[in-house]
Amino acid sequence: MSQKQTLSFQAEVAQLLHLVTHSLYSNKEIFLRELISNASDACDKLRFEALHHPELYEDAPNLEVRVSFDKDARTLTIADNGIGLSQQEAIDNLGTIAKSGTREFMSRLSGDQKADAQLIGQFGVGFYSGFIVADRITVESRRAGLKPEEGVRWVSGGAGDFEVETITRPQRGTSVTLHLREDASDYLSTWKIKSIISKYSDHIQLPILMRKEEWKEGEDGKPGEHVLSDEWETVNQATALWTRAKKDITPEQYQEFYKSISHDYEEPLAWTHNRVEGSTEYTQLLFIPSHAPFDLWNRDKAAGVKLYVKRVFIMDDAEALLPAYLRFVKGVVDSADLPLNVSRELLQESRDVKAIREGNTRRVLAMIEDLAKAEQDAESADKEKFAKFWAEFGAVLKEGLGEDFGNRERIAKLLRFASTQSDTASVSLAAYKARMKEGQEAIYYITGDTQAAAAHSPQLEIFRKKGIEVLYMTDRVDEWALSFLTEFEGTPLQSVAKGQVDLGKLQDEGEKKAAEKAAESFKPVLAKLKEALKDKAQDVRVTTRLVDSPACLVVTEGGMSLQLARLMKQAGQKAPDVKPVLEVNASHPLVQKLDGSPAFNDLAHILFDQALLAEGGMPEDPAEYVKRVNALLA
Ligand SMILES: Nc1ncnc2c1ncn2[C@@H]1O[C@H](COP(=O)(O)OP(=O)(O)OP(=O)(O)O)[C@@H](O)[C@H]1O
């Protein structure tokens, strides 16, 4: 195809572009970081493909990025000699957004420019950020390995469509030319561009070149001025940041490096940078972001660690380098031992990779532990960070209880929950233990869909009355994760909605005796209740756990909770039919009314269905339930 073709952007791109041009005004200059980072990625890709196809280097083996401008034409050009784009790749990559979570991201946009600008910052707009400063962008490219006649020109004004045509382009790689808007004249200055590059792109491994400026004396009485010469000079440090000594790197440089590899606009919460020596040698530079990505819950999502081997980029998203429960971590691992042609499959089996993965896991957990320590230190500047971390990533970290047995104890120490004594998720298991009542033998918890639902559970009544703290487990993953944590430092964890309540030493003799007596005299009613509810309840028994409520539902020890069964059904999974146990409060007036009541059967069913409602469930036949209540009210 040699003719010009006009194509439409994918709907999401058009929407994004509208936003970019309308909301991202406060931090215009980031466009340069994004475009240089794309250029650097393109060079990394070429270097990688050339491992097997050295001919792709053609006659230009030195990979580099050149930034230049033309004051008269008002253009700024970022050119690389990386992998380049074929025509089809230009259409696909510069016309659509392939990122996972795009649709969800779009649906979160509110129309409020400020809020949206922040969201869009988290999403990362990459190439499209060029439209912050340009009203037209021309991309010319040729993919390495294609003929010069197979180049492509892509042009767009950033509205609904773009044009593509075939061109002849002798040199491989991509040049992105920004036709600057009226208000973006600042970027037609060597000084300005240099200062942005040193701020954002100093750590890029590749040389970034600009034309040297020279002072030219004025002639005929005219003032002198800076003019561009034909000589190019490297304007960044051009050494990969992670290869430099820690002491030579400023916090700002780490932060900028993070932003450029993650495309995040916010600062990271923490980072760790180490050169590991010994039987497996590697450098790790890992970051914890300050907010969760949109697709955090997708366990198959791309991992955030890039793998390099002896400074050659090998692959993005090397999931073998960290366990899935740490999938929020971003960074770089540079191995000295792996072969350059390592594949994803090989990574899974490599012993070196296993050692790196364990080393990374240890370091990330240590970073989180440091944040937790800082939280206890009133003086620390990082005091607020752990709570932030926990709110964003706590639920994912919990997956580690089931996934990483070796580190289970370390993870358990990092857990935080809300409880009957704390509205915020700030209670650690150690803090809970430290304030356990004398004679208390277990760490009590209750699961629920929401904190409010858990807090209102009738099962909590006796614990409230006795002032015993109960932890709320309201994350979806809790029930599953907690099944791997049966005890914490010698104290068992016990659900208050499973099995019989046994408060052990916390219950006094008088209470025990009274309960036994009530159970005895209640026996005939219990038998009738069991019979009336035999299709719904596995058993009916008298309980001491209730104070104000007439009844509640529990499951047997080791059984699946009603909440988990409901969650599984909602998720379309097969869940066993859990038949709960109905526990009744023999001293409640409603329960006492049962004996001899002509409406015994209705009351029995109402008791059961109400207990189900109270713990977040739904009567099997809601209409029938309403009918029964109405009959009694009439
Ligand atoms: N200089 C370039 N050379 C070759 N391909 C490029 C270049 N710039 C962009 N691309 C292609 O266009 C795609 C889209 O770029 P864009 O910056 O929008 O997103 P991304 O880099 O994939 O995502 P993110 O910026 O969030 O990492 C890239 O994935 C790449 O395939």
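Residue indices begin from 1 for each chain and proceed along its sequence in written order. Note on the predicted model: pLDDT of at least 70 is required for a residue's local features to be given, and 80 or more for side-chain atom pairs to be given and counted; whole-chain, interface and lining totals, by contrast, use all residues.

Per an unreviewed UniProt entry, the chain goes by the name Chaperone protein HtpG and belongs to Ramlibacter cellulosilyticus. The Function (unreviewed entry) comment attached to the chain in UniProt states, word for word, "Molecular chaperone. Has ATPase activity." UniProt positions are given in the numbering used here, feature names are shortened, and annotations may be inferred rather than shown by experiment. Taken directly from UniProt, the Subcellular location (unreviewed entry) text for the chain runs: "Cytoplasm".

Engineer: What exactly am I supposed to notice about the packing of helix H16 (residues 509-532) against helix H19 (residues 600-614) here?
Structural biologist: Between two packed helices, what matters for the description is the angle formed by their axes and the separation of those axes. Contact pair H16 / H19: the axes reach a minimum separation of 10 Å and the direction vectors enclose 75°. With respect to each other, H16 and H19 are oriented roughly perpendicular. Residue-level inspection shows Lys 528, Leu 529 and Ala 532 of H16 in contact with H19, the latter providing Phe 600, Asn 601 and Ala 604. Only Asp, Glu, Lys and Arg are considered charged in this grouping, and only Ala, Val, Leu, Ile, Met, Phe, Trp, Tyr, Cys and Pro are considered nonpolar; every other residue, Gly among them, is considered polar. Looking at the contact of H16 with H19 residue by residue, the class counts come to four nonpolar, one polar and one charged. Angles shown run from 0 to 180 degrees and are taken between the N-to-C directions of axes, each axis being a line fitted to C-alpha atoms and, for helices, limited to the stretch in contact. Numbered from the N terminus, helices here are DSSP runs of H or I no shorter than four residues, and strands are runs of E no shorter than two. Relative orientations are named as follows: roughly parallel for angles under 35 degrees, roughly antiparallel for angles over 145 degrees, roughly perpendicular for angles from 65 to 115 degrees, and oblique for any other angle. Each residue is represented by a C-beta atom placed from its backbone, and any two residues with such atoms within 7 Å are regarded as in contact.

Engineer: Got a minute to help me understand the site of the ligand in this structure?
Structural biologist: Only the C-beta atom matters for nearness: placed from the backbone, it must lie within 6 Å of the molecule or strand for the residue to count as near. Taken together, 16 residues lie around the ligand, and Asn 38, Ala 42, Asn 93, Gly 126 and Phe 127 are the ones closest in. When residues of the shell around the ligand are assigned to their parent elements, the largest contribution, three residues, is made by helix H2 (residues 30-49). Here the residues of the shell around the ligand sort into seven nonpolar, eight polar and one charged.

Engineer: Can you walk me through the domain arrangement of the chain in this structure?
Structural biologist: Bring the parts together and some accessible area is lost; that lost area is often taken as the interface size. Where each domain starts and ends comes from a domain assignment, either automatic or drawn from a database. Per the domain assignment, the segments making up the chain are domain 1 (5-239), domain 2 (242-375), domain 3 (397-505) and domain 4 (508-633). Between the C-alpha centres of domain 3 and domain 4 the distance comes to 24 Å. Across the boundary between the two partners, domain 3 contributes 16 residues, which contact 20 residues of domain 4. Examining the composition of the side of domain 3 that touches domain 4, we find that three residues originate from one element, helix H14 (residues 461-465), more than from any other. Taken together, the residues of the side of domain 3 that touches domain 4 sort by class into five nonpolar, five polar and six charged.

Engineer: Hey, could you run me through the packing of helix H9 (residues 351-376) against helix H10 (residues 385-403) in this one?
Structural biologist: In the contact formed by H9 and H10, the axes pass within 7 Å of each other and the chain directions differ by 130°. Accordingly, the angle class assigned to the pair H9 and H10 is oblique. Residue-level contacts link Ile 368, Leu 371, Ala 372, Ala 374 and Glu 375 of H9 to Lys 385, Phe 386, Ala 387 and Phe 389 of H10. Broken down by class, the residue content of the contact of H9 with H10 amounts to seven nonpolar, no polar and two charged.

Engineer: I would appreciate a short explanation of the sheet that holds strand E23 (residues 581-584) in the present structure.
Structural biologist: Note on sheets: strands pair through backbone hydrogen bonds, and any given pair is parallel or antiparallel. Any two strands with at least two DSSP-identified bridges between them are counted as paired. What the three strands build is an open sheet, ordered E21-E23-E22; its pairing is mixed. Looking at which strands have only one partner, the edges of the open sheet turn out to be strand E21 (539-542) and strand E22 (551-554). Strand-to-strand twist of the sheet, defined as the mean angle between neighbouring strand axes without regard to direction, takes the value 25°. Two elements, E21 and E23, share four bridges in a ladder whose sense is parallel. Residue pairing in the sheet places Asp 539 in a bridge with Val 581 of E23.

Engineer: How should the environment of Leu 582 be read in this particular structure?
Structural biologist: Here Leu 582 lies in strand E23. For every residue, the other C-beta atoms within 10 Å of its own C-beta are counted; 20 or more classify it as buried, 12 or fewer as exposed, and values in between as partly exposed. C-beta atoms are placed from the backbone. Taking the number of C-beta atoms within 10 Å as the measure of exposure, Leu 582 has 25 and is therefore buried. Here the alpha-carbon distance between Leu 582 and Tyr 258, two residues 324 residues apart in the chain, equals 55 Å. Once you skip the residues sitting within four places of it in the chain, Leu 582 turns out to touch Leu 533, Ala 537, Val 540, Ala 551, Leu 553, Phe 608 and Ala 611.

Engineer: Even after reading the chapter, I still don't get the nonpolar core, so can you show me in this structure?
Structural biologist: Considering soluble globular proteins, one finds that nonpolar side chains tend to be buried as a cluster. A set of buried Ala, Val, Leu, Ile, Met, Phe, Trp, Tyr and Cys residues, joined through C-beta atoms within 7 Å, is what we mean by a nonpolar core. One finds Leu 321, Val 329, Ile 446 and Leu 471 to be the most contacted residues of the largest nonpolar core, which totals 95 residues. It is H19 that provides the largest number of residues to this core, a total of seven residues. Those residues in contact with Leu 471, other than ones at most four positions away along the chain, are Phe 417, Ser 419, Val 427, Tyr 432, Ile 443, Tyr 444 and Tyr 445. Membership of the second largest hydrophobic core comes to 52 residues, among which are Ala 39, Val 152, Ile 196 and Met 210.

Engineer: In this structure, what is going on with the confidence of the model for the chain? I would like to understand it.
Structural biologist: Atomic detail in the predicted coordinates should be set aside for any region of low pLDDT. Confidence per residue, as judged by the predictor, is encoded in pLDDT with a range of 0 to 100. Chain-level pLDDT for the chain is 88 on average; 95% of the residues reach the 70-or-more range. We note a pTM of 0.75 for the whole complex and an ipTM of 0.97 for its interfaces.

Engineer: So what exactly am I meant to see when it comes to unusual backbone geometry here?
Structural biologist: Among all residues except glycine, the phi angle is most often negative; among peptide bonds, the trans geometry is most common. In the Ramachandran plot, Arg 74 falls in the positive-phi region, its phi being about 55° despite a non-glycine side chain. Within the secondary structure layout, Arg 74 lies in the loop between strand E2 (65-70) and strand E3 (75-80). A count of 17 C-beta atoms within 10 Å places Arg 74 in the partly exposed class. The backbone of Ala 238 shows a phi angle near 60°, a positive value even though the residue is not glycine. Position of Ala 238 relative to the elements: it lies in the loop between strand E9 (225-234) and helix H7 (251-262). What makes Ala 238 partly exposed here is the crowd of 17 C-beta atoms within 10 Å.

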